[in-house]
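Spelled out, the chains give:
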Amino acid sequence: MLKRLGHQSTIAENGQVAIDMLEDSNNSFDFVLMDIQMPVMDGLEATRRLRTLGHTTLPIVALTASVKQHDYTELGFDDWLSKPLPLKELKEKILLHKQRV
């Protein structure tokens, strides 16, 4: 879906890998879609650590299959999307948060 919208993407198989990628000075990311449930380190902990490491302006959007609505902004996320992702909603969130950076 991201490719269809004209974006490049990089996949991290778990939260620790996501942190490692974002901390690597050779990488540059302008938006993160963070799955809440991942092995090794979940998206909640990964986001908490990224914010602590200084990634305070990087837009991080939570992805969740949960039907419960949590206040993800209080958990460090800028926004959230429920799965399955409608292409239109994904596009809107990317545009909204890229304008803020």
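Before reading on, note that the structure itself is shown above.
Residues numbered from 1 in each chain as written. Predicted model: local features only at pLDDT ≥ 70, side-chain atom pairs only at ≥ 80, totals over all residues. Heavy atoms only, no water.

The subject of this paragraph is the overall build of the protein chain. Looking only at helices and strands, one finds three helices and three strands in the protein chain. Here the C-alpha radius of gyration of the protein chain, 13 Å, is about what a compact globule of 101 residues would show, namely 13 Å. In terms of its C-alpha atoms, the protein chain occupies a principal-axis envelope of roughly 30 × 30 × 25 Å. Here the protein chain, with 101 residues, has 33% of them falling under the buried criterion. Look at the contacts in the protein chain between residues 6 or more apart in sequence, and 56% of them connect residues 24 or more apart. Split by element, the accessible area of the protein chain, about 6600 Å² in all, is 49% carbon and sulfur. (Helix = DSSP H or I, 4+ residues; strand = E, 2+ residues; numbered from the N terminus. Rg over C-alpha atoms; globule rule 2.2 N^0.38 Å. Buried < 20%, exposed > 50% of the residue type's maximum accessible area, 1.4 Å probe, protein only. Contact = heavy atoms within 4.5 Å. Areas by Shrake-Rupley, 256 points an atom, 1.4 Å probe, with all protein chains shown as cover.)

Below, the discussion takes up the pairing of strand S1 (residues 32-35). A one-sided burial pattern is seen for S1, the buried positions being Val32 and Met34 and the unburied ones Leu33 and Asp35. Where S1 lies against strand S2 (residues 60-64), four bridges are found, and the strand directions are parallel. Bridge pairing in S2 links Asp35 to Leu63. Once you follow S1 into helix H2 (residues 43-52) and on to S2, the crossover reads as right-handed. (Pairing = 2+ DSSP bridges. Right-handed = clockwise from strand over helix to strand, strands pointing away.)

Right, let's get into unusual backbone geometry. Residue Pro84 follows Lys83 across a cis peptide bond; omega there is 0 degrees. Relative to the assigned elements, Pro84 resides in the loop between strand S3 (79-82) and helix H3 (87-100).

On to the sheet that holds S1, then. An order of S1-S2-S3 is seen for the three strands of this open sheet, with the pairing classed as parallel. If you trace the sheet from one side to the other, it starts and ends with S1 and S3, each paired once. Averaged over all pairs of adjacent strands, the angle between strand axes in this sheet comes to 30 degrees, irrespective of strand direction. The pairing of S2 with S3 spans four bridges and is classified as parallel. Considered in S3, the bridge of Leu63 is made with Leu81. Along the sheet face, H2 touches S1 and S2 and points at about 140 degrees away from the line of S1. (Axes fitted to C-alpha atoms, helices over the stretch in contact; angles between N-to-C directions.)

This part takes up helix H1 (residues 15-23). By the burial criterion, the buried members of H1 are Gly15, Val17, Ala18, Ile19 and Leu22. Where H1 is buried, its residues touch S1 and H2. With a side-chain oxygen positioned 2.9 Å from the backbone nitrogen of Gln16, the residue opening H1 is Asn14. (Polar contact = N/O pair within 3.5 Å; in protein donor to acceptor, adjacent residues only side chain to side chain.)

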